[in-house]
Amino acid sequence: MNKRLAASLGADPIALLMERHDRRVAQIDPRIAPAPPLAEDQELAVSSRNGSVAAGRIEEYRFGKDTFEALWGALRRHVLQVRVFGPDPAAAFDEVLAGLLSQLGAGPDAQLDTDRSTVLTWPSLDTACAAPLVRHGFAPLTSLVLKRLAQRTDPPGGTTVRPARPDDLERLVGQAERLHLFETQLGVLPRRAALRTLLADELAGALAGEPSFVLTALIDGVPAGFLHGTFPHGAWIEQQVTTEPTGYLSRLFVEPEARRKSVGQALVAAAHAKLRARGAQAVLLHHSLHNPLAAPLWARVGYRPVLTTWTRNYG
Ligand SMILES: CC(C)(COP(=O)(O)OP(=O)(O)OC[C@H]1O[C@@H](n2cnc3c(N)ncnc32)[C@H](O)[C@@H]1OP(=O)(O)O)[C@@H](O)C(=O)NCCC(=O)NCCS
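Enquirer: Residues and numbers for the sheet that holds strand E4 (residues 116-123), please.
Expert: Read across the open sheet, the eleven strands follow the order E1-E2-E3-E4-E11-E5-E10-E9-E8-E7-E6; overall the sheet is mixed. Of all strands in the sheet, those bounded by a partner on one side alone are strand E1 (45-49) and strand E6 (160-163). Taking each pair of neighbouring strands and ignoring which way they run, the sheet shows an average axis angle of 25°. By the bridge criterion, four bridges tie strand E3 (residues 76-85) to E4 in an arrangement that is parallel.

Structural data, given as structure tokens:
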């Protein structure tokens, strides 16, 4: 049992902390699902200030450079899990962040390893905890956004959208690679040598059938873009929110010469119609917060932020 936490919260401190944390988050945003409990297999960083209590721990992940996971972030990732409640959470949250970062900074090879990041995902609407993250050098890079599918959006004209076929694979891989490299240009995703091979494997799997679906858009018969989505199937991302069943969109790309002609909106409207037909109540996706092309589009078609992933890179 964590003595410092028990000193503030009594006999069953973790359960009480989780209950208070989840209640606070549900008041801030009822779309966010309760957080997984804080495991006690390591000494927690704890703060108790001004009637507010926070506690946190570090999860470490290491990925091989040619793995699929390596496409989405650093090879060595420290994921911070923090829980907080109280009238003034920022001070307690700040102290716990400082405690966890000092644990990380103390590591023997902390300075050597450049393909390394520290990541924390936090409710986007919980602005009370934003300043401490900025103060400790985190950047809000990625946003998980949600759209309720009750609101219908009529597809714009002028674009033909059809299911992608196996003979589209080569072109889809090229478009997915350019999308990934655009996110690398934005400083969000790393450059990996195995990118094209991993994308080809993933998209071949997606074209093979459910739970994935892939749509391709054409203007006057000329391929103009694609969208890759997933029907609700109990994936981890669906458990982040209280809406269900929930679909997920993982890729949208429109050829530069075909942009701002509503091709993106036509693909999104077709995906929403497919998900609705499958009984989905909502749809989720991640986008880079500072993507000047995508962020206005997703807001325009009715998505709103739910969870923000704050990242501190060391490269
Ligand atoms: C984002 C992207 C898919 C949009 O496709 P698109 O076919 O141009 O989008 P649409 O024409 O359907 O929608 C346009 C709307 O998107 C937003 N938008 C798209 N391009 C924009 C730009 N260059 N500047 C400002 N807003 C832009 C605006 O809200 C715009 O509405 P408006 O034209 O009335 O101002 C396309 O720009 C693209 O492939 N970008 C690179 C890859 C990428 O960012 N993918 C999404 C990752 S989450």
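From this point, the narrative continues.
Enquirer: Give a detailed account of unusual backbone geometry, specifying residues and quantitative values.
Expert: In this structure, the amide linkage connecting Glu210 to the following residue, Pro211, adopts the cis form with an omega of 5°. You can see Pro211 is positioned in the loop between helix H6 (195-207) and strand E7 (212-219). Between Glu244 and Pro245 the backbone carries a cis peptide bond, its omega angle lying at -5°. Phi is positive for Asn50, close to 50°, though the residue is something other than glycine. Looking at the secondary structure, you find Asn50 in the loop between E1 and strand E2 (52-62). Relative accessible area serves as the criterion here: at 52%, Asn50 is assigned to the exposed category. Positioned with a positive phi, Asp220 is a non-glycine residue whose angle comes to about 50°. Positionally, Asp220 belongs in the loop between E7 and strand E8 (222-230).

Enquirer: Residues and numbers for the side chain of Asp22, please.
Expert: Counting through the fold element by element, Asp22 comes out in helix H2 (residues 13-28). Although buried, Asp22 forms no salt bridge, and the nearest oppositely charged side chain, Arg83, lies 5.9 Å from it. Of note is the side chain of Asp22, whose polar atom sits 3.0 Å from the backbone nitrogen of Ala35. In contact with Asp22, other than residues within four places in its own chain, are Pro34 and Ala35.

Enquirer: Just give me the short version of the side chain of Thr311, but keep the residues and values in it.
Expert: Mapped onto the secondary structure, Thr311 falls in strand E11 (residues 304-313). What makes Thr311 buried here is its relative accessible area of 12%. Every residue in contact with Thr311, bar those within four places of it in the chain, is listed here: Ser117, Thr118, Val119, Gly137, Phe138, Ala139 and Leu141.

Enquirer: I'd like a description of the packing of aromatic side chains, backed by residues and values.
Expert: Aromatic ring pairs are defined here through the distance separating the ring centres and the angle between the ring planes. The full count for this structure, using the stated rule, is five aromatic pairs. Ring geometry for Phe93 versus Trp122: centroids 4.8 Å apart, planes at 55°, classification tilted. In this pair, Phe93 sits in helix H3 (residues 89-105) while Trp122 sits in strand E4, placing the two residues 29 residues apart along the sequence. You'll find Phe93 and Trp122 in the same group, each marked buried. A cation over a ring is seen here: Arg259 above Phe253, with NZ or CZ 5.4 Å from the ring centre. In this arrangement the basic side chain of Arg278 is found over the ring face of Phe231, its NZ or CZ atom lying 4.1 Å from the centre.

Calculation criteria
Residues numbered from 1 in each chain as written. Predicted model: local features only at pLDDT ≥ 70, side-chain atom pairs only at ≥ 80, totals over all residues. Heavy atoms only, no water. Pairing = 2+ DSSP bridges. Helix = DSSP H or I, 4+ residues; strand = E, 2+ residues; numbered from the N terminus. Axes fitted to C-alpha atoms, helices over the stretch in contact; angles between N-to-C directions. Buried < 20%, exposed > 50% of the residue type's maximum accessible area, 1.4 Å probe, protein only. Lys, Arg positive; Asp, Glu negative; His and termini not counted. Salt bridge = Lys/Arg side-chain N within 4 Å of Asp/Glu carboxyl O. Polar contact = N/O pair within 3.5 Å; in protein donor to acceptor, adjacent residues only side chain to side chain. Contact = heavy atoms within 4.5 Å. Phe/Tyr/Trp six-rings, centres within 6.5 Å; stacked < 30°, edge-to-face > 60°. Lys NZ or Arg CZ within 6 Å of the ring centre and 35° of its normal.

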